[in-house]
Amino acid sequence: MSNVPAQWSLLPKYVPVLLLYIALLLPGRIIAQQQPEGYWLQHFTDENGLPQNSVKAIAQDRNGFIWLTTEAGLARFDGHRFITFEKSVLPLLSNRFRWFVPSPQPGAGNAPEFYALSEKNEYVAILSNGLASVDTAFYDNYKKINPLARNEIRHNSILQGYPAQYPVVPDSEHYFTSSGNGISYVWQGAEIYGFQNGKRLFKASGAFKQFFLIGRIPYALDLNGNFKSIGATVGNVVVGGDILANRRFSGNNFQLFWNNVSRQAFLYLDSSLYIVQSSAAGKLHTQLILKDFDLEKTKITSLFLDESSGSLFLGSVTNGLYLFKKQDFYANKLAADNADNVYYAQVAGTGRSVLSSQGYAFTPQAGLPKAVVSRTSPLLEKIRSSFFMVRCADGAFWFQFAYDVYKMDPSGKKILAHVRLPEKAKSLNIERGGRLWVGCETNGMYSIEESKGRFTPKLRYRLNIGNYTILDRENQETMFLTTESAIYRLNTRSGALKKIHALGNMTVRSAYTTHDGTWITTYGNGIYLLRGEKVVKFPLDDNRFLATAHCIVEDRNGFFWITTNRGLFQVAKKQLLAYATHQKGLVYYLYYDKRNGFATNEFNGGCQPCAVTLADGTVSLPSMDGLIWFKPETVRPELPNRQIFINEIREDGKTIPVADSLEVSRDFEQLRLTITTPYLGNEKNLRMQYTLSGPGRAESWMPVNPDFVIALPGLAYGAYVLKIRNVTGFGTNDYTYKTLHLQVPRAWHETWWFRSLAALVLTGLFFIAVRIRSAYHIKKEREANLIRHYRVISQIIAAVNHDIQTPLHYIGFSLQQFNAYIHRQAAVDPLIVRMSDETLDTSQRLNTLTRNILDYIKLQSKSPAERWEKRTVNVSALVVSTSRLFAGIAAHREIAIRTDIDPGFTVESDPNLLAIIIHNLIDNALKVSQSELTISANQTGLQEITIADDGDGIPAELANWLNKNYNSYEEWLRASQNPGQKGIGLVIVKDLCVLLGIQIHARVTGEKKTSIALKFV
């Protein structure tokens, strides 16, 4: 469909109405309409779902939805609920609808199949998703196909159904219709034109009263009511089929009903309705689909037959909608005031008849599941022994009453044998050879033995159980016996009795043995398959009706029919066997109830036989109100095999557009989805489930509630997949699915950028926390180390003071006295004098070095702020006093120490620490100098003290280490924990320079001389 405004594709204001069956809601209406025999009738009005009671047209879309035009809106029916499309949800000028218009090009792409036409000539398209939308471009597109269409929108330019709501006057108006495949027809005046893709194929002339299509084939009724075939020539048509049996049929005295969307034609005559179908060239076949219903009295004007389900829809202009369904089952009972129509045991009688335990004979009518019922056995009717009738091979049968056992002829009229037992008989069973076994109310087990036409009872066994019932045979030697709370196997040859413990203390109703095992029904526990000593329990239906199962009947098509107190079930035997093998899988039970033809939903059991199958396949089931007859092979299972649709989506009470992919609000509290599937059968046969998978949610199937509403609570952000499925048949994987993709957006705190930012912040906080904690531990460790360091320093200082410095003072004093003594002597060897001087000088240098080391060690136990005190230092005096200590060693090595310092040159620094620096630099320079060591000072920008030697040059690695600057003393401490250089003197120099803020710069000149400059910032 083109040019449909998006905002018009809105969901309707749903008014879901649960279909309440007419027998409960509107019994008066059904009685008034005299519900035809063999049909189930539902009557819908504005009291139980319809928006209004004038149903003017009926059509079914390809999805299976039934659409109705009324004067209060366009209604959609899914088989159980109505939804109305009207002005509150569609941009319409009027809620009054006329009829449906078939698509001018049916089957073209995704074009709608048909449209609803309002009284204001508005076209509402029926969409493929089960919804409706106004199509403002319809008529423009229609004019491209029909060249005779006028510019003004005309309601009668497209052929409407019959009976027509407006007069059909081809002399003043042309009428258009299409059969698909590019073929269309125009009826104007006395001519009908056929076109294919716009090219005229033929012209048919005649005096036509009505023109219509049956399927794709064009027909007309002439003024005399005779059928005509339309083509290049106009031909006569012969009408045959069921209408010929109507004694009032005269050839043309019927009323024609035609559905212009489904292209179905119907003939109505004398309260009988026939569908008309093309059978051969020039022939039409009629089939009776409804009788004994007055269409004129109920003012029926529109019809539609769903041929797949056999559902017939009749629309009345005043009385709403009638839905008829042909019933496949029939409740046969004796029509008499004093009749007992509660049935249990039965046997096949003479011919194809059935004889009940009341003595009623049921004789089938030809081609029908309906029987003629009559009283035939006064003895049976008098005795009324309800529960056991066993048939012999010759058609005769046995039944019991109190102490007596009777054998009757097939008609039930003649007694063939009478046996008197010493105990009360309760149950009967006949073996393949014809021997009758009788179970008694006490614990006796008898057989009836025949000899020369005489029958005598024989006590076979006294069992250790009482009040038992013979259920059935497992094989020729084994019978099943049951009590109220157990089931046993009895070997009829040996008398061995064994309880079947696998079935516990259950009340067993019936046993049906096949080569697959014995199928067991129970009273309250469902159905089982017994194989040897093991049993398989089958799942129940959703309503648990199968918990109380009476009987299993197998038909010729591989299905089991299971009777219960609440209706009848059909299930595929292969599904049950597959479940028994794997202990899992789908088991689908199709449910039947009164609407299918029963007089009551309560079937009877606990009798033998619990059902009878006649030679022609007819099955007879006992119920509380009649024998239910049906032919399984003629029953069309009404399976819910249509697609699943979403009617409405509401987010926190607000309706949002239906789509297969949705983005919902981040903080929604509840998402409600109303779903449906078109299904005209019993709603109990819908088995819908759903699962929601997504972040943190595994797939898990849950049942959809009876209102067909799925309620989803608020979800965390992420992508979710909602899957809905419905069982569609008896196959192992018979499902139809609907998938909806949900996207819940992230909250601001769940977006990637926020999480990235949060991760960065957390990472930063982590590192900060690590740094703080590390610093804390380092501080603690430093404090501990400082305490240990202080104790070591204190011990070193004490040791130096006591064990080193005091002896050095004494040695120095002694050498000084000795040197003075030598110098006072007149005749002393000059070598001795020289040696005395050098020894004294060395002693003094050692004493100074020891004092410097001691001062440096003391310095380490103080904080950086307490380690030094800045004062004005006279550099010349400091250098002279320091270099004097090295005069002796310099003279010994013949190295000249030269100073070039202005006597007034001063710097701001700590004199003691600066003296240690200069002392160590002079000491290192003397070690490498060849002949000269120069100490100078100048101020060109920065104040600078330079110590230069003429050695081989300081290594580059050591020079780089000395030249490296540090921003703080702490940075130097971290870098100097594991120094790569050698020599404690330079470490002390570097340490004190960083502490005092002196820049040290070492370089090697071109003559391989080392120059170390101290720059005061």
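Here the structure is a predicted model, which is why all the values come from computation and not from measurement.

**Q** Got a minute to help me understand the packing of aromatic side chains in this structure?
**A** Two descriptors summarise a pair of aromatic rings, namely the distance from one centre to the other and the angle between the planes of the rings. Overall, the coordinates contain 55 aromatic pairs when judged by the stated rule. Aromatic side chains phenylalanine 329 and phenylalanine 630 sit 4.6 Å apart centroid to centroid with 45° between the ring planes, which places their arrangement in the tilted category. With phenylalanine 329 in the loop between strand S25 (320–326) and strand S26 (330–332) and phenylalanine 630 in strand S53 (residues 626–630), the pair connects residues that are 301 residues apart, well separated along the chain. You'll find phenylalanine 329 and phenylalanine 630 in the same group, each marked buried. Between the aromatic rings of tyrosine 344 and phenylalanine 387, the centroid separation amounts to 4.8 Å while the plane-to-plane angle is 55°, which identifies the pairing as tilted. In this pair, tyrosine 344 sits in the loop between S26 and strand S27 (346–348) while phenylalanine 387 sits in the loop between helix H4 (378–383) and strand S31 (389–391), placing the two residues 43 residues apart along the sequence. The ring of tryptophan 701 carries arginine 725 above its face, with NZ or CZ at 4.0 Å from the centroid.

**Q** What is the right way to read the pattern of salt bridges from this model?
**A** A side chain of one charge can pair with a side chain of the opposite charge when the charged atoms of the two come close. Enumeration according to the criterion identifies 32 salt bridges in this entry. A salt bridge links glutamate 71 to lysine 56; the nearest nitrogen and oxygen atoms lie 3.0 Å apart. On the criterion of sequence distance, the pair formed by glutamate 71 in the loop between strand S3 (66–70) and strand S4 (73–77) and lysine 56 in the loop between strand S1 (39–44) and strand S2 (57–60) is long-range, its members being 15 residues apart. Taking the relative accessible area as the measure of exposure, glutamate 71 reaches 27% and is therefore partly exposed. The partner of glutamate 423 in a salt bridge is arginine 462, and the shortest N-O contact between them spans 2.8 Å.

**Q** Explain the sheet that holds strand S59 (residues 702–703) here, please?
**A** The pairing of strands in a sheet happens through backbone hydrogen bonds and is either parallel or antiparallel. Spatially, S56-S62-S61-S58-S59 is the arrangement adopted by the five strands of the open sheet, whose pairing is mixed. Single-partner strands in this sheet number two, and they are strand S56 (661–663) and S59. With three bridges connecting them, S56 and strand S62 (residues 735–744) associate as parallel partners. Bridge pairing in S62 places glutamate 663 opposite glutamine 743.

**Q** Help me out: how do you make sense of the pairing of strand S35 (residues 425–430) in this one?
**A** Counting buried positions along S35 yields five of six residues, so the element is predominantly enclosed. With five bridges joining them, S35 and strand S36 (residues 436–440) adopt antiparallel strand pairing. Looking at S36, one finds that alanine 425 is bridged to cysteine 440. Linkage of S35 to S36, two consecutive antiparallel strands, is achieved through a turn of five residues, within which glycine 434 is found at a positive phi near 105°.

**Q** Looking at this model, I keep getting lost on the packing of helix H10 (residues 911–928) against helix H13 (residues 984–996). Mind explaining?
**A** Helix-helix packing: each pair is described by the crossing angle between the helix axes and the interaxial distance. The geometry of H10 relative to H13 is characterised by a closest axis approach of 9 Å and an angle of 145° between their N-to-C directions. Handedness of the H10/H13 crossing: left-handed. Residues Leu913, Leu914, Ile916, Ile917, Asn920, Leu921 and Asn924 of H10 lie in contact with H13, whose contacting residues are Gly985, Leu986, Ile988, Val989, Leu992, Cys993, Leu995 and Leu996. Of the residues that constitute the contact of H10 with H13, the class distribution is twelve nonpolar, three polar and no charged.

**Q** Got a minute to help me understand unusual backbone geometry in this structure?
**A** Peptide bonds are mostly trans, and most non-glycine residues show a negative phi. Here the amide bond leading from tyrosine 162 into proline 163 is cis, since omega sits at 0°, within 30 degrees of zero. Within the element layout of this structure, proline 163 appears in the loop between helix H3 (138–145) and strand S10 (175–180). The residue arginine 263 is not glycine, and still its phi comes out positive at about 55°. Taking the relative accessible area as the measure of exposure, arginine 263 reaches 17% and is therefore buried. The phi dihedral of glutamate 894 is positive, around 60°, even though this residue is not glycine. Tracing the chain through its elements places glutamate 894 in the loop between helix H9 (887–892) and strand S64 (896–900).

Parameters and conventions
Residues numbered from 1 in each chain as written. Predicted model: local features only at pLDDT ≥ 70, side-chain atom pairs only at ≥ 80, totals over all residues. Heavy atoms only, no water. Phe/Tyr/Trp six-rings, centres within 6.5 Å; stacked < 30°, edge-to-face > 60°. Helix = DSSP H or I, 4+ residues; strand = E, 2+ residues; numbered from the N terminus. Buried < 20%, exposed > 50% of the residue type's maximum accessible area, 1.4 Å probe, protein only. Lys NZ or Arg CZ within 6 Å of the ring centre and 35° of its normal. Salt bridge = Lys/Arg side-chain N within 4 Å of Asp/Glu carboxyl O. Pairing = 2+ DSSP bridges. Axes fitted to C-alpha atoms, helices over the stretch in contact; angles between N-to-C directions. Left-handed = near helix turned anticlockwise from the far one by under 90°. Contact = heavy atoms within 4.5 Å. Nonpolar A, V, L, I, M, F, W, Y, C, P; charged D, E, K, R; others polar.

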